[in-house]
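Here is what each chain is made of, one letter per residue.
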Amino acid sequence: MEHCASCHGRNLEGQPDWRKLDKEGFLPAPPHDESGHTWHHPDTLLFKITKLGIAEAANLKDYKTRMPAFRETLSDDDIIAALSYIKSRWPEDMRRRHDQLNRAYERRESSAK
């Protein structure tokens, strides 16, 4: 509740107009429910975004965000638990598609080594 829901909402609904920059040039917190885009990203990236912050995780040097990196605040297990909770709230078909995305990402990463 303290670290995630304070911005992303108690029901994962995110902030209003999350796709539009606010007057200070920041994107509001996106929803993590089925209406958002979280499920479009593999677990590895979601973990890195949470731990390292968006700019470092996605290699976006000058990305402007209010979301902090949680490396000093949350343990790896805490991050995994938060992401697992988010995923548990998705409809079954979305979880299946996300599992497929994870498998495809893992295959791509394995073949790149």
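Residues numbered from 1 in each chain as written. Predicted model: local features only at pLDDT ≥ 70, side-chain atom pairs only at ≥ 80, totals over all residues. Heavy atoms only, no water.

Draft legend 1. Local environment of the layout of surface pockets. Taken as a whole, the largest pocket spans an internal volume of roughly 720 Å³. Around the largest pocket sit 32 residues that line it, and His8, Pro30, His32, Ile54 and Met67 are the ones nearest its centre. Elements with a minimum of two residues in the lining of the largest pocket: α1 (5–8), α2 (43–52) and α4 (76–88). The dominant element in the lining of the largest pocket, judged by the number of residues it contributes, is α2, at four residues. Among the residues making up the lining of the largest pocket, the classes are represented as 20 nonpolar, nine polar and three charged. Size it by volume and the second largest pocket reaches roughly 280 Å³. Lining the second largest pocket are 15 residues, and of these Met1, Cys4, Ala5, Ala82 and Tyr85 lie nearest its centre. When residues of the lining of the second largest pocket are traced back to their parent elements, those giving at least two are α1 and α4. A total of five residues in the lining of the second largest pocket trace back to one element, the largest contributor, which is α4. Taken together, the residues of the lining of the second largest pocket sort by class into nine nonpolar, four polar and two charged. (1 Å grid on protein atoms, 1.4 Å probe; cavity = no way out; pocket = protein on both sides within 12 Å on 5 of 7 lines; lining within 4 Å. Points joined across faces, edges and corners; volume = space filled by probe spheres on them. Helix = DSSP H or I, 4+ residues; strand = E, 2+ residues; numbered from the N terminus. Nonpolar A, V, L, I, M, F, W, Y, C, P; charged D, E, K, R; others polar.)

Geometric descriptors of this kind do not, in isolation, establish any biological role.
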